[in-house]
Amino acid sequence: MSSVINRVVRPVRSLLPSRCDLAQMGRAPRRDLLAGLTVAIVALPLALGFGVSSGLGAEAGLATAVVAGALAAVFGGSNLQVSGPTGAMTVVLVPIVAQYGPGGVLAVGLIAGFILVGLAVLRAGKYMQYVPAPVVEGFTLGIACVIGLQQVPNALGVAKPDGDKVLAVTWRALAEFATNPNWTAVGFAAAVAVIMLAGGRVRPTIPFSIVGVIAATAVAQIFHLDAAKPIGDLPAGLPAPSLSFLDLAALGSLIAPAVAVAALAALESLLSASVADGMTVGQKHDPDRELFGQGLANIAAPLFGGVPATGAIARTAVNVRTGASSRLAALTHAAVLAVIVFAAAPLVSRIPLAALAGVLIATAIRMVEVGSLKAMARATRSDAIILALTAVATVSLDLVYAVIIGLVVAGVLALRAIAQQTRMDQVPLDKADHSAEEHALLAEHIVAYRLDGPLFFAAAHRFLLELSEVADVRVVILRMSRVTTMDATGALVLKDAVDKLNRRGIAVMTSGVRPGHRQVLDSVGALALLRCEDREYATTPEAIVGARTFLECAGVLSAIPAQGAGTAREESA
């Protein structure tokens, strides 16, 4: 009984914080506190903007940044990761808000949190490495486009049109603006975006997002610009934990969107943690523990009115660049935002929506790494196709479908490339093992093929076509020692080819079948077909001797002494 308990407890215990984490937090506290303060200043307008974009309001974004940011910092698998609301998650949440309302979004976040915890316990974090880079680059590009398009209504100062398809909503917003233009809002959005982009080039260490937002808010208040619509009233503090948003009758219909949210949270968080590792020396995240931390963060955030959260690449990058070395920096970021929620809610409520739109538009532009996209597009035609399809699907469909499409297309193209590596080459019989006369007779009736590469479903059809074209011979020798992998389809095709050649009076002999391939060949009856005629051999010289014996018994060859048979070299089959 105790051993069973240990098997259950040990994996969970490895996901919990350790003394090492606490020790790291005390090594450079001043540097971590400064980094956390800087990240909080950068995160404030982003949290507000993503909260507004999600449809739940600025307060939801702040609650997410505080609650999810703190829990993910303590329980996550990266010392440098900063978590909170993100643009990618907003892209997924907008259609959920449209279909299920705010309560549905909170319930989806809660369910997604439990899914992430389950993935952590199952040790699923390692599978992130199998997501191809073109898929990641493609949906990052698509997300950037969607985030920018989502800000068009607020940037134009018009009410957000109904609908969850970003292209349609953007078009309606442009039509509304053409009817009733609001140049004040456009000016605020453009000014904040320009300040962020231009200032970031000159002084990348200065958080120009907060500079632009403060300047826009001050101008709007000083000149009483009513056209610059503010965020609106924010509660002074976090709401009390509540499960009032749960509708037990509707939980079944929320499973599918919750799975999508959990998949995105896992993908983006692990990607962000990998980016943080690449920016530092000696840091390496624990992917399973990261999933666990994000799961707890997403379970808790909805209880306080927050939206689903993930690791945030932009905020994590700022955290690393400003010198963070432990989880204390991310905790400080959450604490500073909590102070702002409790002490400065009236001031934050006056920020113009157009200014936040400018922040997010600049953020979307920064997400696009032109150099990386060019390199990926030039790498191979397959990489370019995967990247383009994923990006287009993200904008026109949604992120989950885009990732699925990208993975499927990447898988198909990878299988095609692997299948093309499979070769079946005719090889000459070794003259050193036979006299000239015997070699001529053997060559007239025997053909040998060497199979190179994988023999699986993607390559099996071409293999069957090539083997079926064999003619004017009595024996075919298949040299199989270089077959790297074989599945049931490949084994069935091999059996079918042997059967067809046998019916044409052509004997098939094999040499060098690997031990690892015997099970799959035996399971479909291919080995039995060869063994019943004693036509399976360990080496190619043995198969040639067997072929000669077969031809002599059939009266095709006369009994010529096999001069080299006794000393035939045991070549690799």
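The structure presented is a predicted model; accordingly, all values stated were derived computationally and were not measured.

Student: Requested: an account of the overall build of the chain, with residues and values cited.
Tutor: Summing up its helical and strand segments, the chain has 25 helices and 8 strands in all. Whereas a compact globule of 573 residues would reach a radius of gyration of roughly 25 Å, the chain reaches 32 Å, over 25% beyond that. Over its C-alpha atoms, taken along the principal directions, the chain stretches across nearly 110 × 65 × 55 Å. Looking at the chain as a whole, 51% of its 573 residues qualify as buried. Put simply, of all contacts in the chain between residues at least 6 apart along the chain, 83% involve residues at least 24 apart. If the 43 positive side-chain charges of the chain are averaged to one point and the 39 negative ones to another, these points end up 9 Å apart.

Student: Outline the layout of surface pockets, listing residues and values.
Tutor: What the largest pocket holds in volume is close to 1,400 Å³. Around the largest pocket, the lining is made up of 42 residues, and of these Ala-314, Arg-321, Arg-366, Met-367 and Glu-369 lie nearest the centre. Listing elements by their share of the lining of the largest pocket, those giving two or more residues are helix H3 (29-54), helix H5 (87-121), helix H6 (133-150), helix H9 (183-202), helix H10 (208-222), helix H11 (251-278), helix H13 (313-321) and helix H16 (353-367). Split into classes, the residues belonging to the lining of the largest pocket amount to 25 nonpolar, 10 polar and 7 charged.

Student: Help me get a handle on the packing of aromatic side chains, residues and values and all.
Tutor: Each aromatic ring pair is summarised here by two numbers: the centre-to-centre distance and the angle between the ring planes. Under the definition given, this model contains 2 aromatic pairs. Between Phe-75 and Phe-292, the aromatic rings sit 6.5 Å apart at their centres with planes inclined by 75 degrees, giving edge-to-face as the arrangement. Residue Phe-75 is found in helix H4 (residues 58-75), and its partner Phe-292 is found in helix H12 (residues 287-300); the two are separated by 217 residues along the sequence. Residue Phe-292 is classed as buried on the basis of its relative accessible area of 8%. Centroid distance Phe-177 to Trp-183: 5.1 Å. Interplanar angle 80 degrees. Geometry classified as edge-to-face. Owing to a relative accessible area of 11%, Phe-177 belongs among the buried residues under this scheme.

Student: Let's hear about the pattern of salt bridges: which residues, and what values?
Tutor: Between side chains of opposite charge, a pair can form when the charged atoms approach closely. Here the structure, examined in full by the defined rule, presents 9 salt bridges. The partner of Asp-21 in a salt bridge is Arg-289, with the nearest N and O atoms 2.6 Å apart. One end of the pair, Asp-21, is in helix H2 (residues 19-25); the other, Arg-289, is in helix H12, and 268 residues separate them in sequence. Among the residues examined, Asp-21 registers a relative accessible area of 9% and is labelled buried.

Student: Can you break down the nonpolar core residue by residue, with the values?
Tutor: If you look at soluble globular proteins, the nonpolar side chains tend to sit buried side by side. Membership of the largest hydrophobic core comes to 96 residues, with the highest contact counts inside it found for Leu-48, Phe-139, Ile-231, Leu-234, Val-261, Leu-337 and Leu-399. Not counting chain neighbours up to four residues away, the residues in contact with Val-261 comprise Met-89, Val-92, Leu-93, Ile-96, Val-108, Ala-112 and Pro-308. Among the nonpolar cores identified, the runner-up in size contains 29 residues, and Val-483, Ala-491, Val-524 and Leu-527 belong to it.

Student: Outline the pairing of strand E7 (residues 507-511), listing residues and values.
Tutor: Extensive coverage of E7 is indicated by the burial of 5 of its 5 residues. Burial of the side chains of E7 extends over both faces: Ala-507, Met-509 and Ser-511 are buried on one face and Val-508 and Thr-510 on the other. Examined bridge by bridge, strand E5 (residues 475-479) and E7 share 5 bridges and lie parallel to one another. By the bridge assignment, Arg-479 is partnered in E7 with Ser-511. The sheet contact formed by E7 and strand E8 (residues 536-537) spans 2 bridges and is parallel. Note on E8: the bridge partner recorded for Ser-511 is Tyr-537.

Student: Lay out the packing of H11 against H13 in plain terms, naming residues and giving numbers.
Tutor: Interhelical geometry of H11 versus H13 gives an angle of 20 degrees and a closest axis separation of 9 Å. Judged on the interaxial angle alone, H13 and H11 are roughly parallel. Judged by the twist between their axes, the crossing of H11 over H13 is right-handed. When H11 is examined against H13, the residues Leu-271, Ser-272 and Ala-276 are found in contact with a partner set consisting of Ile-313, Thr-316 and Val-320. In terms of residue class, the contact of H11 with H13 is made up of 4 nonpolar, 2 polar and no charged.

Student: Kindly report on unusual backbone geometry, identifying the contributing residues and their values.
Tutor: We note that Arg-123 has phi near 60 degrees; this positive angle belongs to a residue other than glycine. Residue placement: Arg-123 occurs in the loop between H5 and H6.

Student: How would you explain the confidence of the model for the chain if you had to name every residue and give the values?
Tutor: Confidence in the prediction for the chain averages 84 pLDDT; 91% of positions are at 70 or higher. Across residues 562-573 the pLDDT falls below 50, and counting only partners more than four positions away or on other chains, this stretch makes 30 contacts in the model.

Student: Run through the environment of Val-339, naming residues and quoting values.
Tutor: Relative to the elements of secondary structure, Val-339 occurs in helix H14 (residues 328-343). On the accessibility criterion, Val-339 (52% relative accessible area) is exposed. Measuring from C-alpha to C-alpha, the distance between Val-339 and Gly-55 comes to 24 Å, with 284 residues separating the pair along the chain.

Student: I'd love a proper account of the packing of H6 against helix H18 (residues 381-396), names of residues and values included.
Tutor: Close contact between H6 and H18 brings their axes to 7 Å; oriented N to C, the two are set at 30 degrees. As the angle between them shows, H6 and H18 are arranged roughly parallel. With respect to the hand of their crossing, H6 and H18 are arranged in right-handed fashion. Of the residues in H18, those touching H6 at Pro-134, Val-135, Glu-137, Gly-138, Phe-139, Leu-141, Gly-142, Ile-143, Cys-145, Val-146 and Leu-149 are Asp-383, Ile-386, Leu-387, Thr-390, Ala-391, Thr-394 and Val-395. Taken together, the residues of the contact of H6 with H18 sort by class into 12 nonpolar, 4 polar and 2 charged.

Student: Any details on the side chain of Thr-332? Residues and values, ideally.
Tutor: Along the polypeptide, Thr-332 turns up in helix H14. For Thr-332, the side chain forms a polar contact with the main-chain oxygen of Leu-328, separated by 2.7 Å. Those residues in contact with Thr-332 that sit more than four places away from it in its chain are Asp-32, Leu-33, Gly-36 and Leu-37.

Rules used throughout
- Residue positions within a chain follow its written sequence, with the count starting from 1.
- For a predicted model such as this one, the threshold for reporting local features is a pLDDT of at least 70, and the threshold for listing and counting side-chain atom pairs is 80 or more; totals across whole chains, interfaces and linings nevertheless cover every residue.
- Each side-chain value is derived from all of the structure's non-hydrogen atoms; neither hydrogens nor water enter the calculation.
- We count a stretch as a helix when DSSP gives it H or I for four or more residues in a row; a strand needs E for two or more, and each element gets its number in order from the N terminus.
- The reference for a compact globule is 2.2 Å times residues^0.38; the radius of gyration itself is calculated from the C-alpha atoms.
- Residue burial is assigned from relative accessible area. The probe radius is 1.4 Å, only protein chains are included, and a residue is buried under 20% of its type maximum, exposed over 50%, and partly exposed in between.
- It only takes one pair of heavy atoms within 4.5 Å for two residues to be counted as in contact.
- Asp and Glu are treated as the negative residues and Lys and Arg as the positive ones, with His and the ends of the chain left uncounted.
- In this description, the location of a charge corresponds to atom NZ of lysine, CZ of arginine, CG of aspartate or CD of glutamate.
- Here a cavity means grid points, on a 1 Å grid over the protein atoms only, where a 1.4 Å probe fits yet cannot get out; a pocket means an open set of points with protein on both sides within 12 Å along at least five of seven lines; lining residues are those with an atom within 4 Å of a point.
- Grid points are joined across faces, edges and corners, and a volume is the space filled by probe spheres set on the points.
- Residues were grouped as follows: Ala, Val, Leu, Ile, Met, Phe, Trp, Tyr, Cys and Pro as nonpolar; Asp, Glu, Lys and Arg as charged; and all remaining residues, including Gly, as polar.
- Think of it this way: a Phe, Tyr or Trp ring, Trp meaning its six-membered ring, pairs with another when their centres are within 6.5 Å, and the plane angle makes it stacked under 30 degrees, edge-to-face over 60, tilted otherwise.
- One side-chain nitrogen of Lys or Arg within 4 Å of one carboxyl oxygen of Asp or Glu is enough to make a salt bridge.
- Side-chain atoms within 4.5 Å link the members of a nonpolar core, which is a set of buried Ala, Val, Leu, Ile, Met, Phe, Trp, Tyr and Cys residues.
- Paired strands, as defined in this entry, are two strands with at least two bridges between them according to DSSP.
- Every angle, taken between N-to-C directions, lies between 0 and 180 degrees, and every axis is a line fitted to C-alpha atoms, over only the stretch in contact when it is a helix.
- Just so you know how the angles are binned, under 35 degrees is roughly parallel, over 145 roughly antiparallel, 65 to 115 roughly perpendicular, and the rest oblique.
- Crossing chirality is assigned from the near helix's rotation relative to the far helix, an anticlockwise turn below a right angle marking it left-handed and a clockwise turn marking it right-handed.
- The predictor's confidence in any single residue is recorded as pLDDT, a number from 0 to 100.
- Each polar contact in these results corresponds to two N or O atoms within 3.5 Å; when the atoms are within protein, one needs to be able to donate a hydrogen and the other to accept it, and residues that are neighboring in sequence are counted only if both atoms are side-chain atoms.

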